[in-house]
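Single-letter residue listing:
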Amino acid sequence: MRVRGWVAPGRHVRAAARLVALLAGAASLAVVVPAAPAAAARAGDPVCEIRDERLNEISGMVATEDGYVVVNDGADDEARRRIFFLDKRCAVARTVSYPTRPRDTEDLAVGRDGVVWVADIGDNDRDRETIAVWRLAPDADRPVLYRMRYPDNAHDAEALLIDASGRPLVITKGGSGTVVLYAPSTALKPGATTPLASVGKVVLPSTTTSNPFSFLGRSVVTGAASAPDGRRVVLRSYADAFEYDVSGGDLVAALTAGTPRITPLPDEPQGESITYSPDGRSLLTVSESADQPAGSRPTILRYPATAAPADHPAESTTAAPPSAAAASPAAQAAGIGAGQVWSLAAGAGTLLALLAVAGLLWRRHTDRR
């Protein structure tokens, strides 16, 4: 997703709507759940640099035994609207074109049968009547389109998972730390529009990981992936990776009822993609580079995947809430714990910060008119 167009001249109505949405989301940040234990924050290890000029808005990636598969965010340039297969050195080995123009491709997933799924689910303005997935069978030269429709209203989404039965699971982007899971209510059919059903919600743990979008970057989901053995699943934000254990292949139960282990992804330029390495031991990420300094290249980064919880949790990078003794007498009398006081204070600060940002952006916009 391109972040740079929020307050462009001539789009003040949409800009105002987005600011209202952000302010509404901030209210939810006041009651965000405590953070799960996180690993110490460290930059990922570079794997390889992608030098093809067509790949500067990478929004989805999967790793294969031969290399990687990537797609761009919905680009206007036809040359960028491809499914790109890279070798292990990140050089483009081949591309596959779409039979018709996609709207906004935001993620990739690969099934256990080797089928590559492209998530055409982005909707920055939340005005799409349908979203879609493209299914590319191994060695096929064209993907097949399947349309889907939300049961309620339009949503922006950037993450896709495929369960053991080959069913796609769409994860909304969110904005307040809570995202919604949608799955097809019937079998997908080419040429038809399949209704989606809401199957659960995920509340992201709060963290303090540094990223270009501050607290907003920590409250959205920009990508997802399943481990090769199906026993773990990961969601990512602009700041962190959240890994959940999967039992019996039930992705929804894992995401809605599980407690994630956190791997910080600090200061990635605009991290929207994540995948597991073929052996499942690493998490691989890549960022968009379109808005980065001249000469910047998207680079695949490697982070250690988390193991099952140990007897002694890893050191957390999230600031611990004050102890119960730190709560004010008035708060204690009202039955509000110190952790809740901390969350409420953080939420209030968030609201004030957003109001200030909204005022500044609106003033800049009106000055251009």
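See the structure above.
Everything numeric here is computed off the predicted structure, so don't read it as measured data.

Thoughts on the state of the cysteines
In step 1: The tally for this structure, following the rule as stated, stands at 1 disulfide.
In step 2: For cysteine 48, the disulfide goes to cysteine 90, at an S-S distance of 1.9 Å. Sign of the S-S torsion, about 45° for the bond between cysteine 48 and cysteine 90, identifies this disulfide as right-handed. Within this pair, whereas cysteine 48 is found in strand β1 (residues 45-49), its partner cysteine 90 is found in the loop between β4 (82-87) and β5 (92-97), the two being separated by 42 residues in sequence.
In step 3: You can call cysteine 90 buried: its relative accessible area is 3%.

Observations regarding the side chain of lysine 173
In step 1: Examined against the element boundaries, lysine 173 turns out to sit in the loop between β11 (168-172) and β12 (178-184).
In step 2: A distance of 3.0 Å separates polar atoms of two side chains, one belonging to lysine 173 and the other to glutamate 158.
In step 3: Side-chain polar atoms of lysine 173 contact the side chain of tyrosine 238, separated by 3.3 Å.

Regarding the packing of aromatic side chains
In step 1: Within this structure, the stated rule accounts for 4 aromatic pairs.
In step 2: Ring plane angle 70° and centroid distance 4.8 Å describe the contact between tyrosine 150 and tyrosine 182, whose orientation is recorded as edge-to-face. With tyrosine 150 in the loop between β9 (144-149) and β10 (157-162) and tyrosine 182 in strand β12, this residue pair connects regions lying 32 residues apart in the sequence. Of the two residues, tyrosine 150 and tyrosine 182, both sit in the buried class.
In step 3: If you follow arginine 94 out to its NZ or CZ, it ends over the ring of phenylalanine 85, 4.0 Å from the centre.

Some words on the pairing of strand β18 (residues 271-276)
Every regular strand shows the same layout, with side chains that alternate between the two sheet faces.
In step 1: Burial analysis of β18 places 6 of its 6 residues in the buried class, the great majority of the element.
In step 2: In this structure, β18 lies alongside strand β19 (residues 282-287), joined through 5 bridges in antiparallel fashion. Bridged to tyrosine 276 within β19 is leucine 283.
In step 3: Counting the residues between successive antiparallel strands, the hairpin from β18 to β19 contains 5 residues, one of them, glycine 280, with a positive phi of roughly 75°.

Observations regarding the nonpolar core
In step 1: Ranked by size, the top nonpolar core spans 22 residues in total, and within it Leu161, Leu169, Ile171, Val202, Leu235, Tyr244 and Leu255 carry the most contacts.
In step 2: Taken together, the elements giving at least two residues each to this core come down to β10, β11, β12, β15 (232-236), β16 (240-245) and α3 (251-257).
In step 3: Among the elements that line this core, the one with the most residues is α3, at 4 residues.
In step 4: Tyr146, Met148, Tyr182 and Leu188 belong to the second largest nonpolar core, which has 18 residues in total.

Side note on the sheet that holds strand β13 (residues 193-203)
In step 1: On the basis of which strands lie adjacent, the open sheet formed by 8 strands has the order β6-β7-β8-β9-β13-β12-β11-β10 and mixed pairing. One side of each edge strand has no neighbouring strand; the edge strands of this open sheet are β6 (107-110) and β10. Between one strand and the next, the sheet's axes are offset by a mean angle of 30°, whatever the strand orientation.
In step 2: Where β12 and β13 come together, 7 bridges link them in antiparallel fashion. Bridging from a neighbouring strand, alanine 183 pairs with alanine 197 of β13.

Here's the deal with unusual backbone geometry
In step 1: Phi angles above zero are rare outside glycine, and aspartate 139 is one such case at about 70°.
In step 2: Here aspartate 139 shows up in the loop between β8 (131-136) and β9.
In step 3: With a relative accessible area of 75%, aspartate 139 lands in the exposed category.
In step 4: Residues other than glycine seldom take positive phi values, yet serine 214 does so here, at roughly 55°.
In step 5: Positionally, serine 214 belongs in helix α2 (residues 214-217).

What to know about the pattern of salt bridges
In step 1: Counted under the stated rule, the structure contains 14 salt bridges.
In step 2: Linking arginine 80 and aspartate 77 is a salt bridge whose minimum nitrogen-to-oxygen distance equals 3.7 Å.
In step 3: We note a salt bridge from glutamate 268 to arginine 236, for which the minimum N-O separation is 3.1 Å. Of this pair, glutamate 268 sits in the loop between β17 (261-264) and β18 while arginine 236 is found in strand β15, placing the two residues 32 residues apart along the sequence.

Cut-offs applied
Residues numbered from 1 in each chain as written. Predicted model: local features only at pLDDT ≥ 70, side-chain atom pairs only at ≥ 80, totals over all residues. Heavy atoms only, no water. Disulfide = S-S within 2.5 Å. Helix = DSSP H or I, 4+ residues; strand = E, 2+ residues; numbered from the N terminus. Buried < 20%, exposed > 50% of the residue type's maximum accessible area, 1.4 Å probe, protein only. Polar contact = N/O pair within 3.5 Å; in protein donor to acceptor, adjacent residues only side chain to side chain. Phe/Tyr/Trp six-rings, centres within 6.5 Å; stacked < 30°, edge-to-face > 60°. Lys NZ or Arg CZ within 6 Å of the ring centre and 35° of its normal. Pairing = 2+ DSSP bridges. Core = buried A, V, L, I, M, F, W, Y, C linked by side-chain atoms within 4.5 Å. Axes fitted to C-alpha atoms, helices over the stretch in contact; angles between N-to-C directions. Salt bridge = Lys/Arg side-chain N within 4 Å of Asp/Glu carboxyl O.

Functional significance is not addressed by these values, which are geometric in nature.
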